[in-house]
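# A closer look at the structure
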Amino acid sequence: MHVGQKLQDQATSGQTGISFEYFPPKTAQGVQNLYDRMDRMHDLGPAFIDVTWGAGGSRSQLTCEMVRIAQTVFGLETVMHLTCTDMPRESVDEALEAAYNAGCTNILALRGDPPREKETWEAAEGGFRYAKDLVKYIREKYGNHFDIGVGGYPEGADDNPDVDQLIDHLKEKVDAGSSFIVTQMFYDVDKFLDWVQKCRAKGIHAPIVPGIMPISTYDAFMRRSKWTKIHIPPVWLEKLEPVKNDDAKVREIGTKLVSEMCRKLLDSGHIHHLHFYTMNLAQASRMILEELSLCPSNEAPLQKPLPWRKSLGLRRRSEDVRPIFWRNRHASYITRTADWDEYPNGRWTDARSPAFGELNAYGVRLKGTNEQNIKLFGRPKSIKELSEIFIRYLNGKLERLPWSDSPITSEADSIKQDLVDLNQRGFITVNSQPAVNGVKSSHPIHGWGPRNGYVYQKAYLELFVPPYLVEELLARIEKNNDLTYYCVNKSGELRTRTDEGPNAVTWGIFASKEIIQPTIVESVSFMAWKDEAYQLGDDWAKCHPAESPSRKLIQQVMDEWYLVNIVNNDFHKTHDLFQLFDGLVIKDLDTEISGIDPEVDGPTQPAPASKPANS
């Protein structure tokens, strides 16, 4: 959706919107950490995010890649910065094409700063001299596909302190085709509101979004203020100067000062949206939102359109069905289906089962380095110790598992003890959901879709089972006509009791709509998931040295145990699934695998040379 339209809708409804800015990190680990942070900050409910332009070479390519990931994987409406600085026309074309293919429909067109080695700004040969020229070009080439924003400078720009002249330039950019304005940071709210009035008097009616810079440390606060040449109200300095060497106190006072500034902006009636310059950090922005009571609460979380997060990729916006197997592996599913020509819809066309992508792309393989995973999961030497890792996750003491990229949610509360009991007995659970019988779509835990609807789901359980218990388990399942299952080993020997078509395990009923069935179980997807599930286990095993007990234990489980998923098609019942395992006993639960881990036990010593028989 176009940002300009979002901003207009907020103004009409009187609701306050928020958004976040990020920049391309310098290292690969920094990029991964930022993706994790963007994913978490999604829950704060930003109307959009923007990604700054990394001028030149790999930095600009990273901007395009971040925009693609944000749109397609995290489902964040993303604005891509695009500058004229050192940008020949062919580079602009490449960037715009990349944004288009990523599903991005919003560009922030800027002139940009000169490179450090140049004192004044110069247009690249064949490039654009002013931001208004870039706006015109984008509009001529892409029509209304892109909504185009531009920068506003309430207290002057680095190379032009004349605010009134800059307002004239802003009017030219708006007249050229831009539809919203994002401003440079400021701290003097009176100066800013006076500037807004001047813009309106000049006939600039596009929505104006104030740029909010949180205060984390005193030095950074002063450095950024001097760099942008903005006015700091004297009372701010009076409060911050005495505590400038206490970062925690600076952040506390700064949060209150910036929050009060935001309240004045919102109370003015001219501003309905706050744009936070995050500096790729979360806490400072979150503290301001909490102070303003703009964070979604546990009692009133953001209303989800579907039980899984929608992608905003170019062709994916109408996608409304996914297999449940990737419930906790969102990035992997997006990546492995990126090249599908069509996506499944509520009528379950044949597009539900095209070929899944490879297992080596972004977000598919095990997350984290070997060292990070050993630190997080430890060095299990027995089935009991392996199960204890999963119990820690279920109790909220681990942030992720190899088969789950995010912490456990409150949806599992009603079956948590059942899951803990299974794992205490040595079974390894990787996915589940309880039965839900017609709760309101606004329900804080299970709700999704339009309000005043009702949602349902069947109980589902997926776990690894040792081979000597599989026959007994399947025999028990066969006795209950409400249960269907898939059971497979690493080599792909599949056993199942299902119909040929997909089985909806989540659905919703809403006024004036067909029944929406967004989550299914079906065979082709399950076999694709099987490959990934065992690959994740193999990756985990290989975090440990080859002869270590942990490597041998995890690899043995992956090589020998079966992946089983079970659906109870009676959506009134959950616990039938767990009763299937009554009396089933895991062998050698406490038995430790033998081996040598050089990182723990030290290097092995060579055997002493044998003595001659006659010595």
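Residues numbered from 1 in each chain as written. Predicted model: local features only at pLDDT ≥ 70, side-chain atom pairs only at ≥ 80, totals over all residues. Heavy atoms only, no water.

## Points about the pairing of strand E16 (residues 503-509)
Where burial is concerned, most of E16 is hidden: six out of the seven residues are buried. Where strand E12 (residues 454-457) and E16 come together, four bridges link them in antiparallel fashion. Bridge pairing links valine 455 to glycine 508 in E16. Of the strand pairs in this sheet, E16 and strand E17 (residues 516-521) are connected by four bridges, and their pairing is antiparallel. Looking at the pairing, asparagine 503 lines up with valine 521 of E17. In this antiparallel pair of consecutive strands, E16 and E17, the connection spans six residues, and serine 512 shows a positive phi of 60°. (Buried < 20%, exposed > 50% of the residue type's maximum accessible area, 1.4 Å probe, protein only. Helix = DSSP H or I, 4+ residues; strand = E, 2+ residues; numbered from the N terminus. Pairing = 2+ DSSP bridges.)

## Some thoughts on unusual backbone geometry
One non-glycine residue with positive phi stands out, namely lysine 229, at about 60°. On the accessibility criterion, lysine 229 (51% relative accessible area) is exposed. With a phi close to 55°, methionine 279 is a non-glycine residue in the positive phi region. Its place among the elements puts methionine 279 in the loop between strand E8 (273-277) and helix H11 (283-291).

## Notes on the pattern of salt bridges
For side chains of opposite charge, pairing can occur when their charged atoms come near one another. Applying the stated criterion across every chain, the model contains 31 salt bridges. With its nearest N and O atoms 3.1 Å apart, the salt bridge here joins arginine 329 to glutamate 532. On the criterion of sequence distance, the pair formed by arginine 329 in the loop between strand E9 (322-323) and helix H12 (330-336) and glutamate 532 in helix H17 (residues 523-541) is long-range, its members being 203 residues apart. Exposure remark for arginine 329: the relative accessible area of 1% places this residue in the buried category. Overall, the relative accessible area of 1% leaves glutamate 532 in the buried class. Among the charged side chains, a salt-bridge network with shared partners connects Lys256, Glu260, Arg263 and Glu291. (Salt bridge = Lys/Arg side-chain N within 4 Å of Asp/Glu carboxyl O.)

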